Amino acid sequence: MSSLAGYRYLLVPVALGLLVPTLAVPWVSINLLGSRSYTPPEIMAALVQPAAAKEEGRAGIDLSMLHERGTVLSASVASMALYSAAIAAMMAAIPYRARRQQLALAAGILAIAAGSLWMYAIEALKSGFAAAAQMTGGIIGEEFRGREGELASLFIVTGAGPYFALGAGAVAVAAGGCHYYFAGEKK
């Protein structure tokens with residue numbers, strides 16, 4: 001048996017340790033009329049009750065005003081749902097020892113999908129913002145015409161949260177994969 005087999009039990013807690021703190025890490029920063037960073041609880045609250053979030057000052061950009069509204073909204077909702085499921089599956093992997101590797105593998109795949117989908121949503125948000133700015137004649141006069149995409153990238157920045165989720169997903173997939181790799185080694 002390989003020397004790594006003795007340490008594979010550590011991968012699930014490490015993956016959980018990377019995934020849970022992403023609840024407090026910003027997933028997007030919007031630098032438009034003041035800088036504001038959004039964590040998953042704030043994003044989920046804004047997606048569930050957009051009117052209440054707007055009244056409390058949590059919504060930086062009204063997604064309904066953007067050209068690619070359906071894409072951004074759908075990808076954001078799906079990403080946050082997958083992210084929540086990944087945390088639940090990863091937490092369930094700790095006490096259920098008999099199914100730990102399967103749950104870790106599922107949680108890892110969910111976390112990777114959530115992080116990737118969130119990055120897609122942010123890119124769609126940027127392109128929608130740039131398209132809206134281009135259709136209205138530019139953001140700040142003629143000097144930025146044709147460079148709306150660059151400005152959108154300055155105004156809307158992906159936070160560190162999805163990157164940590166991707167890392168946690170990779171560790172969780174490794175934890176799930178170790179089970180199958182080392183199971184074949186015992187034969």
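Here, the structure is the one placed above.
A few words on helix H1 (residues 11-19). Among the residues of H1, Val12, Ala15, Leu16 and Leu19 are the ones counted as buried. Down the axis of H1, the buried side of the element spans an arc of 100°, and every buried residue falls inside it.

Right, let's get into the packing of aromatic side chains. By the definition in use, this model includes two aromatic pairs. On the basis of an interplanar angle of 70° and a centroid distance of 4.8 Å, the ring pair of Trp27 and Tyr83 is categorised as edge-to-face. Highlighted residues: Trp27 in the loop between H1 and strand E1 (28-31) and Tyr83 in helix H4 (residues 69-93), separated in sequence by 56 residues. An aromatic cluster is defined as three or more aromatic residues linked by ring pairs; in this entry it consists of Trp27, Tyr83 and Trp118. Sitting above the plane of the Tyr38 ring, Arg36 keeps its charged end 5.0 Å from the centroid.

Conventions and cut-offs
- Residues numbered from 1 in each chain as written.
- Predicted model: local features only at pLDDT ≥ 70, side-chain atom pairs only at ≥ 80, totals over all residues.
- Heavy atoms only, no water.
- Buried < 20%, exposed > 50% of the residue type's maximum accessible area, 1.4 Å probe, protein only.
- Helix = DSSP H or I, 4+ residues; strand = E, 2+ residues; numbered from the N terminus.
- Arc of directions from axis to C-beta.
- Phe/Tyr/Trp six-rings, centres within 6.5 Å; stacked < 30°, edge-to-face > 60°.
- Lys NZ or Arg CZ within 6 Å of the ring centre and 35° of its normal.

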